[in-house]
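Structure assessment
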Amino acid sequence: MTTIGIVGAGAAAAAAAYALEDELNDPEITVLEKSRGLCGRAATRRRDDVIYDYGANYVKSDDERVVELLTQTLDADGLVDVTDPVWTFDSTGEVSEGRDADEHKWSYESGLTQLAKRLFSRTDATIHRETRVETVIRDDNAERWRLEDANGERWGPFDAILLNPPAPQTAELLRTAAWDAEIRDELVDVIDDVPYRTIWTGVFHYPFELEQPYYALVNTDKEHEIGWISREECKSGHVPEGESLLIVQASPEWSADRYDEDSAANLETLAELTAAIVEDDRLLEPDWTDHQGWRYALPEDGVDRDPLRRAEEMSLYCLGDWVAGEGRLHAALRSGLEVGERV
């Protein structure tokens, strides 16, 4: 039996577990996830009768293999395709019709976390939540790996380990690893070089329905304090009729500057900016709000894959959108599927 340890339960990890189950004969897969949820930055929350995706907004249909996975391989019950267009706005807040390509924008009625849940459900993987891995350990004599969590508990031994955290957290795990190999320092250096955008997200609920011709607005010149506004009511099953919920993602610069500021003040500022763009003063007074800071929201570049491939010769694999070089959910899924097959 092949034993596999996976750090993180993001979309790439779920796709890798699915591929491993398909490629190997009865693998023993252990997933250690630091949070209580699944699917990483493709995150979903619920409040009352409202469901909202407050990280990644949807899965694009930019990869044929991912399209087949979502629409044919996995249970497609409750799969939601947002058909309303994405429009644009500029530094002055002026809104224009966007170039809405013929691409799908998929979520689920129960939210994007369904993606990881449905992938993991196709496996016999054991998932341990609220388990933060702090140390990676290599036993060169046995050519196997162990993982140690924040409570000092050791997991393994594993024939291979898969690391799914964002690049900065993966680099730190490898920097502090009990692993005496020349490749380690080179691996840390190239992963450390992956740049990230920080995003601070505000969530605004209103007891009325907005009447707008678009699903979302995106800032195209990158000169506004807000980068993205989307309407969760455009996703079937997310928001009750007669209500609205906006996901407002601040620009990377604004987010980095205000990341540790008072959340109430940040929300008030984002509500004011949003009301000005949408030209609706009712948006100044949501009846409830939520927020989330994503310090490592989106990778802005890829990674030198040569050291990663050489590390795979020692059965250590990195996966995720930063390995794919594109901060998109479909890219993370594809990365996971490919790593699972290489293992």
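Above this note sits the structure.
Quick look at the structure, then. (Residues numbered from 1 in each chain as written. Predicted model: local features only at pLDDT ≥ 70, side-chain atom pairs only at ≥ 80, totals over all residues. Heavy atoms only, no water.)

What about the sheet that holds strand E9 (residues 105–108)?
For clarity, the cut-off: For two strands to be treated as a pair, DSSP must find at least two bridges joining them. Here a strand is any run of E in DSSP of at least two residues, a helix any run of H or I of at least four, and the numbering for each starts at the N terminus.
The antiparallel open sheet is built from three strands, whose spatial order is E5-E9-E6. A strand with exactly one partner marks an edge of an open sheet, and here the two such strands are strand E5 (59–60) and strand E6 (79–81). The pairing of E5 with E9 spans two bridges and is classified as antiparallel. When the bridges of E9 are listed, Lys 60 appears paired with Lys 105.

A short note on the environment of Leu 32
Selection criterion: Residue contacts follow a heavy-atom distance rule, with two residues in contact if any of their heavy atoms lie within 4.5 Å.
Relative to the helices and strands, Leu 32 is located in strand E2 (residues 28–32). When neighbours within four sequence positions are excluded, Leu 32 is seen to be in contact with Ile 6, Val 7, Gly 8, His 128, Thr 131, Val 133, Leu 147 and Trp 155.

Structural notes on the packing of aromatic side chains
Basically, it comes down to this: In this scheme Phe, Tyr and Trp rings, the latter by its six-membered ring, pair at centre separations within 6.5 Å, and the angle between planes marks the pair as stacked below 30 degrees, edge-to-face above 60, and tilted otherwise. The rule is simple: take the accessible area with a 1.4 Å probe, protein chains only, and divide by the maximum for that residue type; under 20% is buried, over 50% is exposed, in between is partly exposed.
All chains considered together, the criterion is met by eleven aromatic pairs. Taking the centre distance of 5.9 Å and the plane angle of 45° together, the rings of Tyr 52 and Trp 288 count as tilted. Here the residue Tyr 52 occupies a position in strand E4 (residues 50–53), and Trp 288 occupies one in strand E19 (residues 288–299), the gap between them amounting to 236 residues. Accessibility expressed as a relative area gives 3% for Tyr 52, which makes it buried.

So, the side chain of Lys 235
With respect to the secondary-structure elements, Lys 235 resides in the loop between strand E17 (226–231) and strand E18 (244–250). Owing to a relative accessible area of 1%, Lys 235 belongs among the buried residues under this scheme. Those residues in contact with Lys 235 that sit more than four places away from it in its chain are Asp 53, Asn 57, Val 80, Val 82, Ser 107 and Tyr 215.

Brief notes about the packing of helix H5 (residues 182–192) against helix H8 (residues 305–312)
Threshold: Each axis is a line fitted through C-alpha atoms, and for a helix only the stretch in contact is used; angles between axes span 0 to 180 degrees, taken between their N-to-C directions. Orientation categories follow fixed angle ranges, with anything under 35 degrees roughly parallel, anything over 145 roughly antiparallel, 65 to 115 roughly perpendicular, and all other angles oblique. For a crossing to be left-handed, the near helix must be turned anticlockwise from the far one by less than a right angle; the clockwise case is right-handed. Residues are grouped as follows: Ala, Val, Leu, Ile, Met, Phe, Trp, Tyr, Cys and Pro are nonpolar; Asp, Glu, Lys and Arg are charged; every other residue, Gly included, is polar.
Between H5 and H8, the least distance of the axes is 9 Å, while the angle of their chain directions is 140°. In terms of orientation, H5 and H8 fall into the oblique class. Our pair here, H5 against H8, has a crossing hand that is left-handed. The segment H5 lies against H8, with Ile 183, Glu 186, Leu 187, Val 190 and Ile 191 engaging Pro 307, Leu 308, Arg 310 and Ala 311. Of the residues assigned to the contact of H5 with H8, the class counts are seven nonpolar, no polar and two charged.

Some words on the nonpolar core
This is how it is decided: By nonpolar core is meant a set of buried Ala, Val, Leu, Ile, Met, Phe, Trp, Tyr and Cys residues that side-chain atoms within 4.5 Å join together.
By size, the foremost hydrophobic cluster in this structure holds 40 residues, and its most contacted members are Val 59, Leu 70, Leu 115, Leu 119, Phe 120, Leu 162 and Leu 333. Elements with a minimum of two residues in this core: strand E1 (3–7), helix H1 (11–23), E2, helix H2 (64–73), E9, helix H3 (113–121), strand E14 (160–163) and helix H10 (329–342). Filtering out sequence-adjacent residues up to four positions away, Leu 115 remains in contact with Cys 39, Val 59, Leu 70, Leu 74, Tyr 108, Leu 329 and Leu 333. Grouped together as the second largest cluster of nonpolar side chains are 31 residues, Val 7, Val 136, Ala 171 and Val 194 included.

Focus: the side chain of Thr 3
To be explicit about the condition: Pairing of N or O atoms within 3.5 Å defines a polar contact, subject to two protein rules: one partner must be a possible hydrogen donor and the other a possible acceptor, and residues neighboring in sequence count only if both atoms are side-chain atoms.
Of note, Thr 3 is situated in strand E1. In terms of polar contacts, Thr 3 uses its side chain to reach the side chain of Arg 144, at 3.1 Å. In this structure, Thr 3 is in contact with Glu 28, Arg 144, Pro 157, Phe 158, Asp 159 and Ala 160, ignoring residues within four places of it in sequence.

As for the pairing of E17
For E17, the buried fraction is high: five of the six residues fall into the buried class. Bridge analysis of strand E16 (residues 216–219) against E17 gives three bridges, and the strand direction is antiparallel. Bridge assignment links Ala 216 to a residue of E17, and that residue is Ser 230. Between the antiparallel neighbours E16 and E17 lie six residues, among them Lys 222 with a positive phi of about 60°.

Side note on the pattern of salt bridges
Heads up, the condition is: Criterion for a salt bridge: a side-chain nitrogen of Lys or Arg within 4 Å of a carboxyl oxygen of Asp or Glu.
Per the stated rule, a full pass over the model turns up 23 salt bridges. For the salt bridge of Asp 192 with Arg 175, the shortest nitrogen-to-oxygen distance reads 2.2 Å. Here the residue Asp 192 occupies a position in helix H5, and Arg 175 occupies one in helix H4 (residues 167–175), the gap between them amounting to 17 residues. With relative accessibility at 36%, the residue Asp 192 sits in the partly exposed group. As a salt-bridge pair, Arg 184 and Asp 185 come within 4.0 Å of each other at their nearest N and O atoms. Given the relative accessible area of 17%, Arg 184 is considered buried.

Structural notes on the environment of Leu 38
By the element assignment, Leu 38 lies in the loop between E2 and strand E3 (44–47). Measuring from C-alpha to C-alpha, the distance between Leu 38 and Glu 211 comes to 33 Å, with 173 residues separating the pair along the chain. Those residues in contact with Leu 38 that sit more than four places away from it in its chain are Ala 9, Thr 113, Ala 116, Lys 117, Phe 120, Ile 127 and Arg 129.

Description of the sheet that holds strand E12 (residues 144–149)
Read across the sheet, three strands follow the order E11-E12-E13 without closing on themselves; strand pairing throughout is antiparallel. Every interior strand has two partners, whereas the edge strands, strand E11 (133–139) and strand E13 (154–158), have only one. Taken pair by pair, the neighbouring strands of this sheet meet at an average axis angle of 20°, ignoring direction. Relative to E13, E12 runs antiparallel, the two sharing three bridges. Among the inter-strand pairings, Glu 148 is bridged to a residue of E13, identified as Arg 154.

From the geometry alone we can't say anything about function, so treat these as descriptive.
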